[in-house]
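Residues per chain are reported as follows:
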Amino acid sequence: MKLGIVGLPNVGKSTLFNAITKAGAEIANYAFCTIEPNIGVVGVPDERLEILAELEHSAKITKATIEFFDIAGLVKGASHGEGLGNKFLANIREVDAIVHVCRCFKDMNISHVAGSIDPIRDFQTVELELILSDIELLERRLEKVERMAKNQDSKLMAEVALIKKLLSFLEEEQPARDYVPETAEEKHFMKDFFLLTSKPILVVANVSEEDAAVGNELSQALTDYFAKDGVEVIVISAQIEAEIQELQPEEHADYLAEIGLKESGLDRLIKASYSTLGLISFLTSGPTETRAWTTFMGNRAPQAAGVIHSDFERGFIAAEVVPYSILAELGSINKAKERGAVRKEGKEYVMQDGDVVLFRFNV
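Going along each chain's sequence as written, the residues are numbered from 1 onward. Only residues with pLDDT of at least 70 get local features here, since the model is predicted, and only at 80 or more are side-chain atom pairs given and counted; chain-wide, interface and lining totals rely on the full set of residues. Only heavy atoms go into the side-chain values, all of them from the structure, while hydrogens and water stay out.

### Details of the confidence of the model for the chain
- Every residue is assigned a pLDDT by the predictor, reflecting its confidence on a scale from 0 to 100. In this model, the chain carries an average pLDDT of 87, and 89% of its residues clear a pLDDT of 70 or more.
- Secondary structure is summarised from DSSP: a helix means a run of H or I of at least four residues, a strand means a run of E of at least two, and numbering begins at the N terminus for each. Mean pLDDT across the elements of the chain bottoms out in helix α3 (residues 85–92) (61) and peaks in strand β10 (residues 316–323) (97).
- Contacts were defined at the residue level, with two residues in contact if any of their heavy atoms lie within 4.5 Å. Below pLDDT 50 for its whole length, residues 23–35 participates in 34 contacts with residues either more than four positions away or in separate chains.
- Confidence over residues 81–86 falls short of pLDDT 50; this stretch has 11 contacts with residues more than four positions distant or in other chains.

### Examining unusual backbone geometry
- Although it is not a glycine, H57 adopts a positive phi angle of roughly 55°.
- Along the polypeptide, H57 turns up in the loop between α2 (47–56) and β3 (60–62).
- Three exposure classes are used, based on accessible area relative to the maximum for each residue type with a 1.4 Å probe and protein chains only: buried under 20%, partly exposed in between, and exposed over 50%. We classify H57 as exposed; its relative accessible area is 68%.
- The phi angle at E173 is positive, at roughly 60°, despite the residue not being glycine.

### Considering the sheet that holds strand β5 (residues 97–103)
- Ordered by their spatial adjacency, 6 strands build an open sheet running β2-β4-β1-β5-β6-β7, and the pairing between neighbours is mixed. Two strands lie at the open edges of the sheet, namely β2 (38–43) and β7 (233–236), each paired on one side alone. On average, each strand axis in the sheet is inclined to that of its neighbour by 25°, with strand direction left out of account.
- Criterion used throughout: strands pair if DSSP finds at least two bridges between them. As paired elements, strand β1 (residues 2–6) and β5 share 4 bridges and run parallel to each other. In the strand pairing of β5, V6 is matched with H100.
- Each of β5, β6 (201–206) and β7 touches helix α7 (residues 217–226); the most contacted strand, β6, lies at about 160° to it.
- In this fold helix α10 (residues 265–277) packs onto β1, β2, β4 (65–70), β5, β6 and β7, with an angle of close to 170° to the strand it touches most, β7. Axis definition: a line fitted to C-alpha atoms, limited for helices to the stretch in contact. Angles are taken between N-to-C directions and run from 0 to 180 degrees.

### Regarding the side chain of N216
- Topologically, N216 is positioned in the loop between β6 and α7.
- Any pair of nitrogen or oxygen atoms within 3.5 Å is treated as a polar contact; in protein, a donor-acceptor pairing is required on top of that, and neighbouring residues in sequence qualify only through side-chain atoms on both sides. A polar side-chain atom of N216 sits 2.9 Å from the main-chain carbonyl oxygen of C104.
- Within the structure, the side chain of N216 is placed 3.0 Å from the backbone nitrogen of L218, a separation counted as a polar contact.
- Not counting the four nearest positions on each side in its chain, N216 is found in contact with C104, V207 and D211.

### Things to note about α7
- Every buried residue belonging to α7 is among L218, S219, L222 and F226, and all of these are buried. Buried residues in α7, looked at end-on, bunch into an arc of 100°, giving them a common side.
- Buried residues along α7 sit against β5, α4 (119–148), β6 and β7.
- Residue N216 occupies the N-cap position of α7, its side-chain oxygen lying 3.0 Å from the main-chain nitrogen of L218. Each C-beta atom gives one direction from the helix axis, and the arc is the one those directions make.

### Brief notes about the packing of aromatic side chains
- Any Phe, Tyr or Trp ring, taking Trp's six-membered ring, that has another such ring centre within 6.5 Å forms a pair; planes under 30 degrees apart are called stacked, those over 60 apart edge-to-face, and the others tilted. Applying the stated criterion to the full structure yields 7 aromatic pairs.
- Taking 6.4 Å as the distance between ring centres and 65° as the angle between the ring planes, the aromatic pair formed by F123 and Y225 counts as edge-to-face. In this pair, F123 sits in helix α4 while Y225 sits in helix α7, placing the two residues 102 residues apart along the sequence.
- A residue is classified by how much of its surface remains accessible, and Y225, at 26% relative accessible area, is partly exposed.
- Through successive ring pairs, a cluster of aromatic residues spans F123, Y225 and F226.
- We count a charge as sitting over a ring when the NZ of a lysine or the CZ of an arginine lies within 6 Å of the ring centre and within 35 degrees of the ring normal. Sitting over the face of the ring of Y225, K228 holds its NZ or CZ atom 5.2 Å from the ring centroid.
- If you follow R291 out to its NZ or CZ, it ends over the ring of W293, 4.0 Å from the centre.

### Focus: the pairing of strand β8 (residues 279–285)
- Extensive coverage of β8 is indicated by the burial of 6 of its 7 residues.
- Bridge count between β8 and strand β9 (residues 289–296): 7 bridges; the pairing is antiparallel. Within the sheet, the bridge partner assigned to F282 lies in β9 and is W293.
- Between β8 and β9, which pair antiparallel one after the other, the connecting turn spans 3 residues.

### Notes on the nonpolar core
- Only buried residues count toward a nonpolar core, which is a set of Ala, Val, Leu, Ile, Met, Phe, Trp, Tyr and Cys residues joined through side-chain atoms within 4.5 Å. Grouped together as the largest cluster of nonpolar side chains are 60 residues, with contacts concentrated most on F68, I92, L222, F226 and L269.
- A per-element tally of this core places α10 first, with 6 residues.
- Apart from the residues lying within four places of it in its own chain, the contact partners of F68 are L3, I5, F17, I20, T21, N38, I39, G40, V42, L266 and L269.

### Focus: the state of the cysteines
- A pair of cysteine sulfur atoms is labelled a disulfide when the two atoms are within 2.5 Å. Enumeration over the complete set of coordinates arrives at 0 disulfides.
- With no disulfide of its own, C102 lies closest to C104 among cysteine sulfurs, the gap being 6.4 Å.
- Given the relative accessible area of 1%, C104 is considered buried.

If you want it as structure tokens, here you go:
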């Protein structure tokens, strides 16, 4: 999973990125400090892995991972080349979801490109640049497809019709993710367009350390603004996340408790990312390795097997499945088998979060 961190300059994107990835991204109080996107890989926290590894005496543990792309600050006019505009926008096309970081803290020592703090305005500024970039992309595609459609090819004509509808939609400053495809064909076309505003979004309200536990009036305004759209707003103090990374892992829980938090901002952001993208984790475990794998909610067993290796999907025979909760309670796979808790599932089985699975295949 790839998440792109975007926002105006000086809203705390690189501070947040630096804290959660320990990748050492440069941080400075001036616009366009970040030019090339910094990329950091983060292991997905999953307490189930250590317990499974202990049960199976696994030699190593491998977490699922998320790639965070710290994309340089966008400004008004980015879609027309302002700042480093189009270069930044091209980087966003590579990600699965966009994390909008909005500044919800006041600090006279950190400048704001607009001269005042207004997280809703800031989000709208970035969103509009993404919409304008999509309009430009679709206009170029329309010109090309209309030339190709002169022979009245029905598929190309259908694509032309959809592009025109999308352009009208976007010109009303509505993101492509709010457009509901009318047919399966339209849905297929939209996947091929790779529109920036068709990507799912999450919003981070970056607050001061004092507001990390309960937020403030600015973060609440953001939450209220997105409530009708079902977009999740995660209140995070990037500065707190930075301080957490300076501590030993065993000190994290006590530190978070002191400031009134049950889990870190990173953990909450990852959970929200999984939910937004419709992802689940299934687990494999044995003496060599205990590992978490990511697949889409609703995927069947062969598709999940393909996440491990294409041969597993191609030669799928069956999946031996036991829910993690049952396996942890019984204490071993052998006891789970004795109790009849290990099920043999076929090609139609829909994977569930926390399934511990052994795939049988033949190629």
